[in-house]
Amino acid sequence: LKKMKTAFETLDGYMLHSYYEFGLIRSVRNIREFLSRLKRTLNESTDRLLCTWNTCFGAAHDEMMARLWPQVRDVIVDASKLLMHCTEIACGGKVLDHDEVPLRETAKRTREAVARLTASFKELKASKGIDGVTEELLDEHQIVFQVCAFGRITADLAEEFMAGRNTRPLPAAEVPTSIFERTVLADRNHLSFVVRSFAIMLLAFVAGFCGHSKTMLTYDAGTAAAAALMLRNAIGSSGPRNFGRLRGAVIGTIFGHVVFSMAGWCSWWGYLTSGLAIFSWVATSMFNHADPSDVTGGMAFGHSSAGASAGLLSAYFASNGIMEQCTTEVFTVNDVMGKSYFMIINSLAAVFLVFAVDTVLAPETAAHLATNAYSSALKVITEVVSDLLNPTVLEIRPHSGELAIRMRKAGLLGCQAEAEPRLWRNPWRGLLFGDAMISAKNMRVTLSGMEHSSVEGGRLGGGKADKMRAFAKLQSFAHVRKVVVEMLEHVEDLLDSALSQETGEVMHALGNPQLRRDFNGEFAAAVKGFVAEVNRMPEISQERGPVNSLELDMAAQVSMILCCTWALVAEASQLQRCLLERAH
């Protein structure tokens with residue numbers, strides 16, 4: 001699962017960057033469009049299948065799934081083969097003539113397998129005298145529901161490829177629409193970067209202009225040039241990154257001057273040696289600067305948006321030392337170190353100025369930023385769950401991508417909070433934050449499954465399904481919604497209090513009176529009352545006709561929603577237990 005998650009994040013980053021590559025070439029544009037649609041299908045399929053993992057199977061599970069396994073296996077095998085074929089087509093950017101017939105046949109076979117699985121499940125329920133929604137089979141309904149959805153969306157993808165159309169637009173580039181975008185210019189972080197950059201460059205200019213005795217040259221732009229390379233629009237702790245930059249600058253400076261002193265002769269072998277040295281060093285340094293494993297969803301917090309890295313500075317200063325005018329003069333060690341000395345002094349002064357200004361003028365600590373980023377992600381989850389379970393809200397838009405970006409940002413800030421100096425503050429609660437990130441990612445997957453399964457026809461953009469709106473109007477379901485939302489809000493407040501506390505030995509969050517509330521018991525009682533009321537609805541009690549997919553079965557949709565909300569409550573309860581354990 002970790003490999004799959006990393007692969008999806010890397011694919012997101014590459015897809016975003018490909019927006020700017022060879023856009024005028026039709027074949028490249030087609031490949032990007034096909035891959036974009038494939039990526040959305042893969043993300044949806046993964047979220048739907050993974051949201052079934054937080055399940056507690058009853059006594060009848062083994063018997064039922066043993067009888068349904070042949071049909072489940074048929075759907076998974078046919079859909080997997082179809083998905084592999086679609087992946088090959090997406091990499092080519094078009095459906096070839098010899099691909100169309102097998103693609104259409106496999107898609108048809110997948111839909112037939114979904115219909116057989118649906119019929120077998122309904123027949124098995126009827127043979128056991130089970131009608132409508134029952135708490136004992138909630139998880140089984142959800143599993144079969146999502147397996148049917150996996151087969152259906154894979155067949156939809158194949159048919160879209162064959163039709164030569166893409167029903168959803170490409171993701172827009174994550175850049176402002178105008179050079180003078182007001183929301184960007186007035187952003188607090190942007191203004192903070194402008195002020196800090198101006199202060200750094202002004203101080204570096206003054207330091208280079210005045211110099212100091214024979215230690216620093218006067219009228220020297222070296223300090224300002226090094227500071228310009230280290231300007232950073234990243235957020236969080238700057239100390240560890242600046243010290244890494246200093247190491248890169250020092251190593252690059254010494255390497256460049258040593259290579260020049262040994263190979264900077266005006267001869268063919270001197271030119272050749274210098275060229276090989278600069279090529280090898282720059283290639284290695286830039287490889288360390290632009291690690292492709294960090295390309296995730298277009299969020300380059302550690303690269304261009306954060307200023308020059310140690311690798312880039314090492315390449316710059318080494319190139320500056322090697323690319324001097326060739327000479328026939330013999331250099332001594334003192335000559336080499338004399339040249340390196342002033343460049344190192346300039347780099348050290350630039351690092352000190354950047355560190356001092358960032359420390360004084362930084363808007364917030366990395367710990368505060370990580371806490372705020374995580375709280376904003378939890379707030380989105382709570383709001384989306386509230387809207388999904390609210391019968392008066394008719395529109396549903398996907399939030400999985402937005403939540404993934406928010407969580408990646410929170411995770412990166414959490415890593416910076418681990419490295420920043422805490423001084424008088426309490427140590428950063430890194431273990432608790434790690435537990436919270438795991439729970440939030442599990443909630444995101446569950447929420448994504450709920451969103452895709454709650455829209456009409458299972459296709460985002462169709463609005464909330466009529467069947468879901470019907471059972472969401474019940475009074476008993478309002479109580480279910482109330483307990484889930486209040487539990488999520490409680491955990492959000494609890495974590496915000498625990499992570500933002502910077503002084504004192506005892507967590508202030510332990511005094512929260514909601515800790516004594518039994519949310520799990522309240523939710524179980526609310527579900528029991530809702531199941532009794534929903535089974536009296538005509539849409540369920542009179543639902544006897546055949547359907548091609550369990551996605552169209554109201555009892556299955558009710559079971560799926562209950563399973564997902566139960567998983568959210570269980571995950572929130574687990575997170576609360578982790579907080580109480582970390583408090584001792």
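Keep in mind it's a predicted model, so treat the numbers as computed, not measured.

### Observations regarding the overall build of the chain
Helix and strand content of the chain: 20 helices and 0 strands. Looking at the chain residue by residue over its 584 residues, the buried ones come to 48%. Sequence-distant contacts, at least 24 apart, represent 84% of the contacts inside the chain between residues at least 6 apart. When the accessible surface of the chain is totalled, it reaches about 28,500 Å², and 62% of it is carbon and sulfur.

### Here we look at the state of the cysteines
This model, assessed by the stated rule, comprises 1 disulfide. The partner cysteine of C266 in its disulfide is C326, sulfur to sulfur 2.1 Å. As the torsion about the S-S bond is roughly 100°, the C266-C326 disulfide counts as right-handed. Note that C266 is positioned in the loop between α9 (239-263) and α10 (268-289) and C326 in the loop between α11 (310-322) and α12 (333-361), a separation of 60 residues in sequence.

### A closer look at the packing of helix α3 (residues 61-92) against helix α5 (residues 138-163)
Direction vectors running N to C along α3 and α5 enclose 20°, while the axes themselves pass 9 Å from each other. Here α3 is positioned roughly parallel relative to α5, judged by the angle of their axes. The element α3 and its partner α5 pack so that their crossing is left-handed. Tallied by class, residues from the contact of α3 with α5 come to 19 nonpolar, 4 polar and 1 charged.

### Side note on the packing of aromatic side chains
Evaluated as defined, the whole model comprises 11 aromatic pairs. A centroid spacing of 4.9 Å and a plane angle of 80° characterise the contact between Y316 and F317, whose relative ring orientation is edge-to-face. Since its relative accessible area comes to 38%, Y316 is described here as partly exposed. Note on F523 and W566: the rings are 5.2 Å apart at their centroids and 75° apart in plane angle, and the pair reads as edge-to-face. Of the two residues, F523 is situated in helix α18 (residues 519-534) and W566 in helix α20 (residues 554-582); the sequence distance between them amounts to 43 residues. With a relative accessible area of 0%, F523 lands in the buried category.

### Topic: the environment of F145
In this fold, F145 is placed in helix α5. Residues in contact with F145, not counting those within four places in the same chain, are R48, S453, L550, E551, A556, Q557 and M560.

### Points about the nonpolar core
With 89 residues, the main nonpolar core has Y374, F471, F477, L495, F530, V534 and V558 as its most contacted residues. If you tally residues by element for this core, the top one is α20, at 14 residues.

### Describing the pattern of salt bridges
Under the defined criterion, the tally for this structure stands at 20 salt bridges. For E492, the salt bridge identified is with K379, shortest N-O distance 2.9 Å. One end of the pair, E492, is in helix α17 (residues 475-500); the other, K379, is in helix α13 (residues 366-388), with 113 residues separating them in the sequence. Residue class for E492 comes out buried when judged on its relative accessible area of 8%. Among the residues examined, K379 registers a relative accessible area of 40% and is labelled partly exposed. Of the charged contacts, one joins R517 and E486 as a salt bridge, the two residues approaching to 2.5 Å between their closest N and O atoms.

### Describing α18
Taking 1.5 Å of rise per residue, 16 residues should cover 22 Å, and α18 covers 22 Å from first to last C-alpha, within 8% of that figure. Here α18 has its buried residues at F519, F523, A526, V527, F530, V531 and V534. Relative to the axis of α18, the buried residues are bounded by an arc of 135° and lie together on one face. More than 90 degrees from the buried face of α18, the exposed residues found are A525 and K528.

### Here we look at unusual backbone geometry
With phi around 50°, Y219 is a residue other than glycine that occupies positive phi space. The residue Y219 is located in the loop between α7 (188-210) and α8 (222-230) in this model.

### Details of the environment of V384
With respect to the element layout, V384 can be found in helix α13. Residue classification places V384 among the buried positions, given a relative accessible area of 6%. For V384, the residues in contact, after removing those within four places along its chain, are H399, L447 and E451.

### Some thoughts on the packing of α13 against α17
α17 packs onto α13 with a crossing angle of 180° between their chain directions and a minimal axis gap of 10 Å. Regarding the angle of α13 to α17, the classification is roughly antiparallel. The segment α13 lies against α17, with H368, T371, Y374, S375, L378, K379, T382, V385 and S386 engaging R481, V484, V485, L488, E489, E492, L495, D496, L499 and S500. Looking at side-chain class alone, the contact of α13 with α17 contains 8 nonpolar, 6 polar and 5 charged residues.

### Some thoughts on the confidence of the model for the chain
Across the chain, the average pLDDT comes to 79, with 81% of residues at 70 or higher. Note that residues 165-175 has pLDDT below 50 and, in this model, 25 contacts with residues that lie over four places away or in other chains. When the criterion is pLDDT under 50, residues 291-307 qualifies, and its contacts beyond four places in sequence or with other chains add up to 50 contacts.

### Things to note about α13
Since the α-helix advances by 3.6 residues per turn, residues separated by three or four positions end up pointing in the same direction. Over its 23 residues, α13 runs 33 Å from end to end, which matches the ideal 33 Å to within 8%, given 1.5 Å per residue. For α13, the tally of buried residues reaches 17 of 23 residues, placing the bulk of the element in the interior.

### Brief notes about the side chain of S453
Mapped onto the elements of the fold, S453 is located in helix α15 (residues 430-454). Residue classification places S453 among the buried positions, given a relative accessible area of 4%. A polar contact is formed between the side chain of S453 and the side chain of Q146, at a distance of 3.4 Å. A distance of 2.8 Å separates the side chain of S453 from the backbone oxygen of G449, its partner in a polar contact. Each residue touching S453, except ones within four places of it in the same chain, is listed here: R48, F145, Q146, Q557 and M560.

### A few points about the side chain of S454
The topology assignment puts S454 in helix α15. With near-sequence residues (within four places) excluded, S454 lies in contact with L388, I396, G463, K464, A465, M468, Q557 and I561.

Definitions and limits used
- Residues numbered from 1 in each chain as written.
- Predicted model: local features only at pLDDT ≥ 70, side-chain atom pairs only at ≥ 80, totals over all residues.
- Heavy atoms only, no water.
- Helix = DSSP H or I, 4+ residues; strand = E, 2+ residues; numbered from the N terminus.
- Buried < 20%, exposed > 50% of the residue type's maximum accessible area, 1.4 Å probe, protein only.
- Contact = heavy atoms within 4.5 Å.
- Areas by Shrake-Rupley, 256 points an atom, 1.4 Å probe, with all protein chains shown as cover.
- Disulfide = S-S within 2.5 Å.
- Axes fitted to C-alpha atoms, helices over the stretch in contact; angles between N-to-C directions.
- Parallel < 35°, antiparallel > 145°, perpendicular 65-115°, else oblique.
- Left-handed = near helix turned anticlockwise from the far one by under 90°.
- Nonpolar A, V, L, I, M, F, W, Y, C, P; charged D, E, K, R; others polar.
- Phe/Tyr/Trp six-rings, centres within 6.5 Å; stacked < 30°, edge-to-face > 60°.
- Core = buried A, V, L, I, M, F, W, Y, C linked by side-chain atoms within 4.5 Å.
- Salt bridge = Lys/Arg side-chain N within 4 Å of Asp/Glu carboxyl O.
- Expected span 1.5 Å × (residues − 1).
- Arc of directions from axis to C-beta.
- pLDDT = per-residue confidence, 0-100.
- Polar contact = N/O pair within 3.5 Å; in protein donor to acceptor, adjacent residues only side chain to side chain.

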